[in-house]
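Residue-level structural notes
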Amino acid sequence: LLSVTEDLVRRRAEHNNCEIFSLEEISLHQQEIEKLEYLDKWCRDLKILYLQNNLIPKIENVGKLKKLEYLNVALNNIERIENLEGCEELKKLDLTANFVGELSSIEALKYNIHLKELFLVGNPCTEFEGYRQFVVATLHQLKYLDSKEIERSERIQALQNYPEVKQKIREQEQAYLLKRSREKEEAQIKMQERKDKKQKQMESKLGFDSPDSLQDKENSEAGDREQEMGRTVEDEEDRRFWEEPTPYTPESRLETHRYIEEKRRAKDNTRESKKREKPLWTLVTAEGRVLNVNVPKLNFSLKDDEESNQFVLDLAVYRHLDTSLLDVDVQPTYIRVLVKGKPFQLVLPEEVKPDSSSAKRSETTGHLVVSMPKVCKII
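Residues numbered from 1 in each chain as written. Predicted model: local features only at pLDDT ≥ 70, side-chain atom pairs only at ≥ 80, totals over all residues. Heavy atoms only, no water.

The name that an unreviewed UniProt entry assigns to the protein chain is Leucine-rich repeat-containing protein 6, with the source organism given as Podargus strigoides. Under the heading Sequence similarities (unreviewed entry), UniProt records this for the protein chain: "Belongs to the tilB family." (UniProt positions renumbered as here; feature names shortened; annotations may be inferred.)

Below is the structure:
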């Protein structure tokens with residue numbers, strides 16, 4: 001589980017010279033946080049706390065924030081309102097787009113006597129018949145519910161109908177909680193199925209399902225074919241995952257996040273392993289014959305400057321390429337230039353003097369210009 005770390009809090013406390021004990025406001029939105037903890041120990045002076053768009057399933061460990069005035073936990077996985085009694089100064093609570101279905105849990109907010117604004121838009125409980133009346137009658141201190149002001153007349157009417165509205169809400173709540181427990185069970189089964197499937201795929205990849213791994217897949221060509229098939233299976237799986245109709249629940253939201261995270265990690269690992277696998281370029285044959293090679297695909301020209309009795313190589317490296325990324329090696333019969341580690345190699349028409357050769361960048365084009373004096377003197 002990703003929880004709030006001290007390092008994260010310090011990074012987000014730049015405006016307070018990275019001091020966290022005296023922090024009054026902090027924004028921890030979109031940090032993929034799955035567990036809310038430590039803040040009530042580290043930041044006792046917090047007045048404003050932004051935690052929107054994370055994966056928090058439960059309001060917890062904020063009860064000791066006595067000075068907290070505004071808590072924003074919109075777009076999380078919260079299912080009930082709890083553990084806020086200790087936030088004595090709480091004035092505004094934003095629970096937009098969560099999964100609060102246990103509407104009676106708002107009764108816990110009766111103790112937050114300064115609470116003036118409450119946002120529950122986008123929660124299942126707002127679909128209940130009598131939702132607004134119930135909230136208005138339960139929380140006498142509220143001035144605004146879902147951005148709409150509570151009129152005195154509305155409160156009087158809500159209080160008059162309170163017993164029957166409360167009963168109606170309880171019935172709808174029970175039906176909803178029953179549905180939720182079914183959803184949780186289904187999610188559990190689905191998760192187990194995915195785990196088993198993944199396990200099988202891993203085993204088949206490792207070749208547990210075939211004797212001697214079919215003679216090491218017969219040859220590398222078969223291995224390549226298998227890799228291609230693996231990619232196709234993966235693409236098919238990906239398509240199925242996104243097209244499969246799923247109920248919008250805390251579980252499905254969490255599963256989607258984990259799935260994306262898994263894909264991202266796999267991509268990063270592939271990228272890393274590709275980086276590590278330095279390609280081996282053949283520059284000299286087994287017989288010792290030097291080859292012409294142009295891996296960086298650069299334009300070039302080799303001029304025979306008879307007047308100065310030398311060869312001049314003009315290699316069109318990129319104008320803004322740092323010279324430190326070029327490595328020039330002149331040999332009697334060939335020249336090799338590594339451009340960002342990629343070899344350019346050219347066999348020379350006749351022998352040159354490596355020690356007297358010189359390399360410089362052209363001031364006009366930025367090209368690399370290498371002058372290589374010939375061994376044979378002009379008579």
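With respect to topology, seven strands assemble into an open sheet ordered 1-2-3-4-5-6-7, the strand pairing being mixed. Since the sheet does not close on itself, it has two edges, and those belong to strand 1 (25-27) and strand 7 (148-149), each with one partner. Two elements, strand 3 (residues 70-72) and strand 4 (residues 92-94), share three bridges in a ladder whose sense is parallel. Pairing of Asn-72 across the sheet is with Asp-94, part of strand 4. (Pairing = 2+ DSSP bridges. Helix = DSSP H or I, 4+ residues; strand = E, 2+ residues; numbered from the N terminus.)

Residues in a regular strand point their side chains to alternate faces of the sheet. As judged from the five bridges shared by strand 11 (residues 326-330) and strand 12 (residues 334-339), these two strands associate in the antiparallel manner. The residue of strand 12 that forms the bridge with Val-328 is Val-337. Joining the antiparallel neighbours strand 11 and strand 12 is a turn of three residues.

We now examine the nonpolar core. Core analysis: the largest hydrophobic core is formed by 53 residues, its most contacted members being Leu-49, Leu-84 and Leu-118. If you list the elements that add at least two residues to this core, you get helix 1 (6-11), helix 2 (39-42), helix 3 (131-138) and helix 5 (162-205). Take this core: its biggest share by element is five residues, from helix 3. Sequence-distant contacts of Leu-49, defined by excluding residues within four places in its chain, comprise Ile-26, Leu-28, Leu-39, Val-62, Leu-65, Leu-68, Tyr-70, Leu-71 and Asn-72. Formed by 18 residues, the second largest nonpolar core is a distinct cluster that contains Leu-313, Leu-321, Val-339 and Leu-368. (Core = buried A, V, L, I, M, F, W, Y, C linked by side-chain atoms within 4.5 Å. Buried < 20%, exposed > 50% of the residue type's maximum accessible area, 1.4 Å probe, protein only. Contact = heavy atoms within 4.5 Å.)

Tracing the sequence through the fold places Thr-138 in helix 3. With relative accessibility at 4%, the residue Thr-138 sits in the buried group. From its side chain, Thr-138 meets the backbone oxygen of Phe-134 in a polar contact 2.6 Å long. (Polar contact = N/O pair within 3.5 Å; in protein donor to acceptor, adjacent residues only side chain to side chain.)

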